Amino acid sequence: MIKNILRFFSSGQDASPIEDSQQVDCLYKKCRLSILMSITIGYGFYYTCRLALSVVKKPLIDNGIFTVEELGTIGSAIFYGYAFGKLANGFLADHANVRKLFSTGLLLSALVNLLVGVFPIYWLIVALWGLNGWFQAFGAPSSIISLSNWFSNRERGQYYGIWSSSHSIGEGITFVLTAALVSCWGWRAGFVGPGIMAIVVAFLLYAFMRDRPRTVGLPPVADWKNDHGVPVQDAGTAAGDEHRRKISLQLSVLKRPALWVLALASASMYINRYAVNSWGILYLQEAKGYSLIEAGSVLGLNTIAGILGCIAYGFISDKLFNSRRPPVTLIFGLIQFISLCIIFLSPFSGKMILTISFMVYGFTLSGLLAVIGGLFAVDIMPKQVSGAVCGFIGISSYLGAALQENISSYLIAGGVEIIDGVKHYDFSQAVIFWISSSVISMILAATLWKIKAAD
């Protein structure tokens, strides 16, 4: 059985090369558009199956189904599963058929959401939500490998930015549409609705995605775009043994200090990212008196701004800074810090100011997410092991996100006050933790100022 599963997910065979240059150009353009749309929209729906818990926290608390601490444990389970899954699946994805891996991961995640919506049993949901994290980890490595296979060095920043908008697309659908479903039909709809939609999308992804260019008879994108860099050394492996060469190269990149610094910077960034994603709606409801629809709408606008932010980051860094990421990263980091201070610390807390601040935060976060969470690492590491690099950054990022869930729930629960029989939550200690993580991420990223992308 295991052999059959491995055979199913193994990378496809090379097809006979297409000799007609016009046919090559036409097929390349068609496949690139199909792949870019598939990984962008598809990964957006991955997020709808990941963030449902963020929307239903208050209904679950108010109905006495789970406590804040239990929700923190459930929330951390998906991140622990995702962290270790992203490391393992990142290494495996370099050898796999990413078309099958990507669509299967979304299908399995959707099925988990359906089960969670039906069986509200605490330890069962902890286990299922952790398993969901593992399935979610099929998405990013498959997407990044597709970008590396189909888009060349000089253009990757722009297309990476477009793909990174999938985070905001998924978050926007979750915070607006899922919030509406929950308001109309209760907390179960927050899991069942995204699950049904994602099943449909998973089958569409299988129909429209492609594996490597050679599997459809196309040359490597570097040949087609005439965008060749310095050849990567084989690290002592036999010339004809592709899998052994990749494994050796995968292990060699772990010795590079820049990758470890990026991993720590990304972990810090993911603390403040998922602090807002996981607790932002509850914060607006408890601390600012927003309704679920109002809070979901603010977070939805935050993610719409994020779509513009990640596209803007890729364009600015490629076109204005000659594909140099650190200067743009510092600019975005400083603006993000200011927006977080306004959201959580400013005495001016009118709805308009809060909404604009959330949008600015979303704009900068998505740009930083694109570069620190993957693009810069892909720039400076060998392209043949993009999946492994993504996996290493990923495990660090989501261990940070999981740690955030545990610490945030502890800090929030520790500040509970009961007034007239109603629980009120104090977010002040958690806010200090969230903003501090943003500053640490910015400082770590700034230490890589002189690191240059590989040719």
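Residues numbered from 1 in each chain as written. Predicted model: local features only at pLDDT ≥ 70, side-chain atom pairs only at ≥ 80, totals over all residues. Heavy atoms only, no water.

Chemist: Where do I start with the overall build of the protein in this structure?
Modeler: Of the regular secondary structure elements, the protein holds 17 helices and 2 strands. Across the 455 residues in the protein, those meeting the buried criterion constitute 56%. Within the structure as shown, the protein displays about 18,600 Å² of accessible surface, and the carbon and sulfur contribution to it stands at 67%. (Helix = DSSP H or I, 4+ residues; strand = E, 2+ residues; numbered from the N terminus. Buried < 20%, exposed > 50% of the residue type's maximum accessible area, 1.4 Å probe, protein only. Areas by Shrake-Rupley, 256 points an atom, 1.4 Å probe, with all protein chains shown as cover.)

Chemist: It is not clear to me how the nonpolar core should be interpreted in this structure. Could you clarify?
Modeler: Nonpolar side chains in soluble globular proteins tend to end up buried together. L284, F344, Y398 and W434 are the most contacted members of the largest nonpolar core, which has 131 residues in total. In terms of residues, this core owes the most to one element, helix α12 (residues 257-287), which gives 16 residues. Discounting chain neighbours no more than four positions away, the residues touching F344 are V276, Y283, V431, W434 and I435. (Core = buried A, V, L, I, M, F, W, Y, C linked by side-chain atoms within 4.5 Å. Contact = heavy atoms within 4.5 Å.)

Chemist: How do you make sense of the pattern of salt bridges when you look at a structure like this?
Modeler: Two side chains with opposite charge may pair up if their charged atoms get near one another. Enumeration according to the criterion identifies 5 salt bridges in this entry. E171 serves as the salt-bridge partner of R273, at 3.3 Å between the closest nitrogen and oxygen. Taken together, the residues span a long stretch of sequence, with R273 in helix α12 and E171 in helix α8 (residues 156-185) at a distance of 102 residues. Looking at E171, the relative accessible area reads 6%, which means it is buried. For K351, the salt bridge is made with E294, and the minimal N-O distance between the two is 3.3 Å. (Salt bridge = Lys/Arg side-chain N within 4 Å of Asp/Glu carboxyl O.)

Chemist: Honestly, the side chain of S339 in this entry has me stumped. Any pointers?
Modeler: Position of S339 among the secondary structure elements: in helix α14 (residues 326-345). When sequence neighbours within four positions are dropped, the list of residues in contact with S339 reads S357, V360 and Y361.

Chemist: What is the right way to read the packing of α12 against α14 from this model?
Modeler: Between two packed helices, the angle of one axis relative to the other and the distance separating the axes together describe the packing. For the pair α12 and α14, interaxial distance at closest approach is 14 Å and the crossing angle is 20°. On the basis of the axis angle, α12 is roughly parallel to α14. Taken as a pair, α12 and α14 cross one another with a handedness that is left-handed. Taken together, the residues of α14 that come into contact with α12 (itself represented by N272, V276 and Y283) are Q336, L340, I343 and F344. Classifying every residue of the contact of α12 with α14 gives 5 nonpolar, 2 polar and no charged. (Axes fitted to C-alpha atoms, helices over the stretch in contact; angles between N-to-C directions. Parallel < 35°, antiparallel > 145°, perpendicular 65-115°, else oblique. Left-handed = near helix turned anticlockwise from the far one by under 90°. Nonpolar A, V, L, I, M, F, W, Y, C, P; charged D, E, K, R; others polar.)

Honestly, it's all geometry; don't read function into it.
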